[in-house]
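# A structural walkthrough
The residues making up each chain are set out below.
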Amino acid sequence: MAYTTKESLLERIKNQDEEAWVEFYDRHYRLIYSIGKRFNLNSELCNDLIQQVMIAIFNNSKTFRYHPELGKFRSYLFGITKNIIWRIKKEYVKAQECLPAEPPSDEQSELEKIIHEEWHRHLLDTLLHELRCRVEETTFDAFQMYILQGKTPEEVADCLDISISTVYVHKSRCLKHLKEIVTEIRKSEPDFNF
């Protein structure tokens, strides 16, 4: 499971590999959408945001050169996303408020904060998806109900028709896998906290 955009995927995009574009889109569209929602864009504008970000990446893909020593690809992606959000707000919100040519510094820092939060939420969703893939359905369901939803072990056992001790076994199994997954994520995202 990849937690960051790999250089090989970027190279395949540069070479106009259609499957790479599908993979890139699938990996990033929910994240871009959720960032747009955090900036109070409606669903239609969030979909416009996704489309405009993908078009910008596509238009730059032939000449884009990734240099990991200069920063992570997501910084480039988020830079494009921020600029497009600002442009959308300027275009579609004009009637409601007068926006300056550039976002004020406090709004820039708010953009950065929201993008950082959404990136971590995206990593958490990826982590839970990976956990779901690694364990049996009942194991994940027990973990989700007990740990994430806060149900008592008795409630979980009753709902899933398993013993209370099995609920604890499932929880331990999932926590073990989560530690492994978090270790994998921290290889590319050292500041990731779970």
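Everything below is about the structure shown above.
## Concerning unusual backbone geometry
Despite not being glycine, Asn40 has its phi angle at roughly 60 degrees, a positive value. When you line up the elements, Asn40 lands in the loop between α2 (18-38) and α3 (43-61). Even without a glycine there, the phi angle at Asp161 is positive, about 55 degrees. In this fold, Asp161 is placed in the loop between α7 (153-160) and α8 (164-188).

## Some words on α2
In a regular helix each residue adds 1.5 Å, so 21 residues correspond to 30 Å; α2 covers 30 Å between its end C-alpha atoms and thus fits that length. Taken as a whole, α2 carries its principal kink of about 40 degrees at His28. If you check which residues of α2 are buried, you get Ala20, Trp21, Phe24, His28, Leu31, Ile32, Ile35 and Gly36. Its side-chain oxygen 2.8 Å from the backbone nitrogen of Glu19, Asp17 forms the N-cap of α2. Looking one or two residues past α2, Asn40 carries a phi angle of roughly 60 degrees, positive in sign.

## Let's talk about the packing of α2 against α3
The contact between α2 and α3 brings their axes to 9 Å, and the two run at 135 degrees. On the basis of their axis angle, the class for α2 and α3 is oblique. Considering how the two elements wind past one another, α2 and α3 form a crossing that is right-handed. Residues Trp21, Phe24, Tyr25, His28, Tyr29, Ile32, Tyr33, Gly36 and Lys37 of α2 pack against Ser43, Cys46, Asn47, Leu49, Ile50, Val53, Met54, Ile57, Phe58 and Ser61 of α3. In terms of residue class, the contact of α2 with α3 is built from 13 nonpolar, five polar and one charged.

## Let's talk about the packing of aromatic side chains
All told, the structure shown has five aromatic pairs when counted by the stated rule. Here Phe78 and Trp119 contribute two aromatic rings whose centre-to-centre distance is 5.9 Å and whose plane-to-plane angle is 70 degrees, an arrangement assigned as edge-to-face. Taken as a pair, Phe78 in helix α4 (residues 73-92) and Trp119 in helix α5 (residues 105-134) lie far apart in primary sequence, 41 residues in all. The buried category is assigned to Trp119, whose relative accessible area is 5%. Ring geometry for Tyr146 against Tyr168: centres 6.0 Å apart, planes inclined by 85 degrees, an arrangement best described as edge-to-face. Residue Tyr146 is found in helix α6 (residues 137-148), and its partner Tyr168 is found in helix α8; the two are separated by 22 residues along the sequence. Relative accessible area serves as the criterion here: at 38%, Tyr168 is assigned to the partly exposed category.

## Notes on the nonpolar core
If you look at the biggest cluster of nonpolar residues, it comprises 43 residues, and the most contacted ones within it are Phe24, Leu49, Val53, Ile57, Leu77 and Leu131. Among the elements of the structure, α1 (7-14), α2, α3, α4, α5, α6 and α8 are those that each provide at least two residues to this core. What Ile57 contacts, discounting residues up to four positions off in sequence, is Trp21, Phe24, Phe73, Tyr76, Leu77 and Ile80. If you look at the next biggest cluster of nonpolar residues, it comprises six residues, including Ala142, Met145, Tyr146 and Ala157.

## Quick word on the side chain of Thr139
Within the secondary structure, Thr139 sits in helix α6. In this structure the side chain of Thr139 is engaged in a polar contact, spanning 3.1 Å, whose partner is the side chain of His170. The contacts of Thr139, once residues within four sequence positions are left out, are His170, Arg173 and Cys174.

## Focus on the side chain of His177
Mapping His177 onto the fold places it in helix α8. Accessibility expressed as a relative area gives 16% for His177, which makes it buried.

## Here's the deal with the pattern of salt bridges
Opposite charge on two side chains allows them to pair when their charged atoms are near. The final tally for this structure, using the stated rule, is ten salt bridges. Residues Arg12 and Glu23 are paired through a salt bridge, measuring 3.4 Å at the closest nitrogen-oxygen approach. With Arg12 in helix α1 and Glu23 in helix α2, this residue pair connects regions lying eleven residues apart in the sequence. We note a salt bridge from Arg134 to Glu180, for which the minimum N-O separation is 3.5 Å. Residue Arg134 is found in helix α5, and its partner Glu180 is found in helix α8; the two are separated by 46 residues along the sequence. Judged by relative accessible area, which is 27%, Arg134 ranks as partly exposed.

The rules we used
- Residues numbered from 1 in each chain as written.
- Predicted model: local features only at pLDDT ≥ 70, side-chain atom pairs only at ≥ 80, totals over all residues.
- Heavy atoms only, no water.
- Helix = DSSP H or I, 4+ residues; strand = E, 2+ residues; numbered from the N terminus.
- Expected span 1.5 Å × (residues − 1).
- Bend = angle between axes of the 7 residues up to and from the residue.
- Buried < 20%, exposed > 50% of the residue type's maximum accessible area, 1.4 Å probe, protein only.
- Polar contact = N/O pair within 3.5 Å; in protein donor to acceptor, adjacent residues only side chain to side chain.
- Axes fitted to C-alpha atoms, helices over the stretch in contact; angles between N-to-C directions.
- Parallel < 35°, antiparallel > 145°, perpendicular 65-115°, else oblique.
- Left-handed = near helix turned anticlockwise from the far one by under 90°.
- Contact = heavy atoms within 4.5 Å.
- Nonpolar A, V, L, I, M, F, W, Y, C, P; charged D, E, K, R; others polar.
- Phe/Tyr/Trp six-rings, centres within 6.5 Å; stacked < 30°, edge-to-face > 60°.
- Core = buried A, V, L, I, M, F, W, Y, C linked by side-chain atoms within 4.5 Å.
- Salt bridge = Lys/Arg side-chain N within 4 Å of Asp/Glu carboxyl O.

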